[in-house]
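Here is what each chain is made of, one letter per residue.
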Amino acid sequence: MKRKLGMILSTVAVTGMVLTGCGSNNNGSTASNSSEGSTPPSSSPSAKTTQSVDKKVEIFSWWTGAGEEAGLLGLIKLFSDKHPEIEVINAAVAGGAGTNAKAVLASRMQGGDPPDAFQVHGGAELNTGWVAADKVIDLNDLFTEEGWNEKFPKELIDLVSKDGKAYSVPVNIHRGNVIFYNKKIFDDNGLQAPKTFDEFFAVADALKAKGITPLALGDKEPWTATMLLENIMMGELGADDYKKLWTGEVKFDDARVTSSLEKFKKMLTYVNDDHAARNWQDASQLVAEGKAAMTNMGDWAKGYFTTDLKLVANEDFGWIETPNTGDSFMVITDTFAIPKGAKDEQAAREFLKVLGSVEGQDVFNPLKGSIPARIDADKSKYDSYGQETIDDFKVSKLAPSLAHGSAAPEGFATQANQVVNIFVTNGDVNQAQKALVSAAQSSGIGN
């Protein structure tokens, strides 16, 4: 068992070097402190009070930039107001998309020095990683105590559960299949946001003819390109068959996967030349500044636009689902788990109660760009993007993200990122598809 645990944690550490987390800035810059209907966050790295502090709770995440840091600090301030006797140690680790944080977390967990609570994506990242390694505690009693089984959607509870037991608490829902676009560029050129692949390529051609970069990409870390590919695959296969890729019911040698890779290759001909030197925020900023027309990114980019860059949703920027996915929702959920051996499990439980509450979620999510995980959150606290996404989540077909750890085992996700990284360079469809087939076999998908 000890050898198996070491292998699992080693996989987590390696995956941390190439796999994503929602957001996180490469340079660790601080975020702005404004958003509609939200409590202003503290600027302190750890929240202290003037009263006597009896306990400490260490919260581990990779939220150090853009709207994510503002959301986290807002959540910490709310918790500190409710629990002045507990000091929050904000153990966020800077580094693009959580790449550094995941490696640090794996090292700490393996070394017997866990934080009190840590950020983890719901789905495979949680369940085939930390739950399988027996490193997190069962939270069923907390779900019952707080009434969360009736307040979180069943599909979301399933993502944080294994064998009927819940192991983490969702703080948000992100949508991954979004194209954000510069409204002025589209209006000035008489263009409509593309809903289909044919429309996308027609719009991209029109923009390119005007000397405008159609699609901003920042794949300094390969997960951003993997996101683009997974959204294309969902558009080609539909949400139902896309999900079957991860059960083996649909194989990666399927003709629709071939078509997805061909469309991916074509889309890459419309991106900025310096994409390999940029991260997702750099790419989003090209759109914000009118230097590119569109970017494919999860809606933490919306948090970056509104919280950091002070842009106004539906005025400065617009959004549309990625081609052919108007009825689908690529779900990415940030959750927090409590590791076995936490220094103060009870204090960690109190923190989870706050982040799982209506008040906590409505402080955090408007700043982060995400929507609340709870079904009873206050919709009026969200801007036009948030309100539309809340409504879409209720009626869309839901699918888990490969790029963000929910869809597939970490071994496959790591290999997929490597395949994508090579494909962006050489564009070899046949080679990439064979590599995906091999990765599925070696990762046990469908076995």
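Computed from a predicted structure; not experimentally measured.

Conventions adopted
Residues numbered from 1 in each chain as written. Predicted model: local features only at pLDDT ≥ 70, side-chain atom pairs only at ≥ 80, totals over all residues. Heavy atoms only, no water. Helix = DSSP H or I, 4+ residues; strand = E, 2+ residues; numbered from the N terminus. Buried < 20%, exposed > 50% of the residue type's maximum accessible area, 1.4 Å probe, protein only. Areas by Shrake-Rupley, 256 points an atom, 1.4 Å probe, with all protein chains shown as cover. Phe/Tyr/Trp six-rings, centres within 6.5 Å; stacked < 30°, edge-to-face > 60°. Lys NZ or Arg CZ within 6 Å of the ring centre and 35° of its normal. 1 Å grid on protein atoms, 1.4 Å probe; cavity = no way out; pocket = protein on both sides within 12 Å on 5 of 7 lines; lining within 4 Å. Points joined across faces, edges and corners; volume = space filled by probe spheres on them. Pairing = 2+ DSSP bridges. Axes fitted to C-alpha atoms, helices over the stretch in contact; angles between N-to-C directions. Contact = heavy atoms within 4.5 Å. Parallel < 35°, antiparallel > 145°, perpendicular 65-115°, else oblique. Left-handed = near helix turned anticlockwise from the far one by under 90°. Nonpolar A, V, L, I, M, F, W, Y, C, P; charged D, E, K, R; others polar. Salt bridge = Lys/Arg side-chain N within 4 Å of Asp/Glu carboxyl O. pLDDT = per-residue confidence, 0-100.

## Focus: the overall build of the protein
Stage number 1. From N to C terminus, the protein includes 17 helices and 15 strands.
Stage number 2. Counting only residues that meet the buried cut, the protein has 63% of its 447 residues in that class.
Stage number 3. Surface accessibility of the protein: about 16,400 Å² in total, with carbon and sulfur atoms responsible for 48%.

## Quick notes on unusual backbone geometry
Stage number 1. In this structure, Lys-310 is a non-glycine residue whose phi angle is positive, near 60°.
Stage number 2. Here Lys-310 shows up in the loop between α12 (300-308) and β12 (317-321).
Stage number 3. For Asn-324, which is not a glycine, the phi torsion comes out positive at approximately 65°.

## Focus: the packing of aromatic side chains
The description of an aromatic ring pair rests on the distance of the ring centres and on the angle between the ring planes.
Stage number 1. Taken as a whole, this structure holds 26 aromatic pairs when the rule is applied.
Stage number 2. Between Phe-200 and Phe-201 the ring centres are 5.5 Å apart and the planes differ by 80°, which places this aromatic pair in the edge-to-face class.
Stage number 3. Take Phe-201: its relative accessible area is 9%, and that puts it in the buried class.
Stage number 4. Taken together through their ring pairs, the aromatic side chains of Phe-180, Trp-280, Tyr-304, Phe-305, Phe-317, Trp-319 and Tyr-385 make up a single cluster.
Stage number 5. For the cation-ring pair, Lys-263 lies above Phe-197, with the distance from its terminal atom to the ring centre recorded as 5.4 Å.
Stage number 6. Taking the ring centre of Phe-201 as reference, the NZ or CZ of Lys-266 above it sits at 4.3 Å.

## Digging into empty space enclosed by the protein
To find leftover empty space, one rolls a probe the size of a water molecule over the atoms.
Stage number 1. According to the stated counting rule, one finds three cavities of 30 Å³ or more in the structure shown.
Stage number 2. In this structure, the second largest cavity spans a volume of roughly 40 Å³.
Stage number 3. Residue lining of the second largest cavity: Arg-175, Asn-177, Val-178, Trp-319, Ile-320, Glu-321, Tyr-385, Glu-388, Thr-389 and Asp-392, and that is the complete set.
Stage number 4. Elements that contribute at least two residues to the lining of the second largest cavity include exactly β12 and α15 (384-395).
Stage number 5. Looking at which element gives the most residues to the lining of the second largest cavity, the answer is α15, with four residues.

## Details of the sheet that holds strand β11 (residues 292-296)
Paired through backbone hydrogen bonds, the strands of a sheet run either parallel or antiparallel to each other.
Stage number 1. Spatially, β10-β11-β9-β12 is the arrangement adopted by the four strands of the open sheet, whose pairing is mixed. Two strands bound the open sheet, and with one partner strand each, they are β10 (213-216) and β12. Direction aside, the axes of adjacent strands within the sheet are offset by 25° on average.
Stage number 2. The sheet contact formed by strand β9 (residues 178-182) and β11 spans three bridges and is antiparallel. Among the inter-strand pairings, Phe-180 is bridged to a residue of β11, identified as Thr-295.
Stage number 3. Contacting β9 and β12, α15 runs over the sheet at an angle of about 10° to β12.

## Points about the sheet that holds strand β8 (residues 174-175)
Stage number 1. With respect to topology, three strands assemble into an open sheet ordered β8-β13-β15, the strand pairing being mixed. If you trace the sheet from one side to the other, it starts and ends with β8 and β15 (397-400), each paired once.

## Re the pairing of strand β14 (residues 334-337)
Stage number 1. Burial along β14 is two-sided: the residues Asp-334 and Phe-336 and Thr-335 and Ala-337 are all buried.
Stage number 2. In the sheet, strand β4 (residues 117-121) pairs with β14 via four bridges, with the strands oriented antiparallel. Note that in β14 the partner of Gln-119 across the bridge is Phe-336.
Stage number 3. As defined by bridge partners, strand β7 (residues 169-170) adjoins β14 across two bridges and the pair is classed as antiparallel.

## Digging into the packing of helix α10 (residues 255-267) against helix α16 (residues 410-426)
Packed helices, taken two at a time, are described by the angle between their axes plus the distance between the axes.
Stage number 1. Contact geometry for α10 and α16: axes closest at 10 Å, N-to-C directions at 55°. As far as their axial angle goes, α16 and α10 are oblique. Here α10 and α16 pass one another in a crossing that is right-handed. Where α10 abuts α16, its residues Leu-261, Phe-264 and Lys-265 lie against Val-420, Phe-423 and Val-424.
Stage number 2. In the contact of α10 with α16, the residues fall into five nonpolar, no polar and one charged.

## A word on the environment of Tyr-270
Stage number 1. Residue position: Tyr-270 is located in the loop between α10 and α11 (280-288).
Stage number 2. Owing to a relative accessible area of 5%, Tyr-270 belongs among the buried residues under this scheme.
Stage number 3. Contacts of Tyr-270, omitting those with residues within four sequence positions, involve Phe-201, Ala-204, Asp-205, Lys-208, Thr-213, Pro-214 and Leu-215.

## Quick notes on the pattern of salt bridges
Stage number 1. The full count for this structure, using the stated rule, is 27 salt bridges.
Stage number 2. We note a salt bridge from Lys-291 to Glu-289, for which the minimum N-O separation is 3.3 Å.
Stage number 3. Judged by its relative accessible area of 53%, Lys-291 falls in the exposed class.
Stage number 4. For Glu-289, a relative accessible area of 44% translates into the label partly exposed.
Stage number 5. Each of Glu-58, Arg-108, Asp-113 and Lys-343 takes part in salt bridges that share partners, so that together they form one network.

## Describing the confidence of the model for the protein
Stage number 1. Overall, the predicted model of the protein reaches an average pLDDT of 89, with 87% of residues at or above 70.
Stage number 2. Segment residues 1-21 is flagged for pLDDT under 50; beyond a separation of four residues in sequence, or across chains, it makes 51 contacts in the model.
Stage number 3. Segment residues 25-51: pLDDT under 50, and 75 contacts once partners within four positions in sequence are set aside and those in other chains are kept.

## Quick word on helix α13 (residues 345-355)
Stage number 1. Where burial is concerned, most of α13 is hidden: nine out of the 11 residues are buried.
Stage number 2. For α13, the complete set of buried residues consists of Ala-347, Ala-348, Arg-349, Glu-350, Phe-351, Leu-352, Lys-353, Val-354 and Leu-355.

## Here's the deal with the environment of Phe-186
Stage number 1. With respect to the helices and strands, the residue Phe-186 is situated in helix α7 (residues 183-188).
Stage number 2. When residues no more than four places from it in sequence are discounted, the contact partners of Phe-186 are Tyr-181, Leu-191, Gln-192, Ala-193, Pro-194, Val-203, Ala-293 and Met-294.

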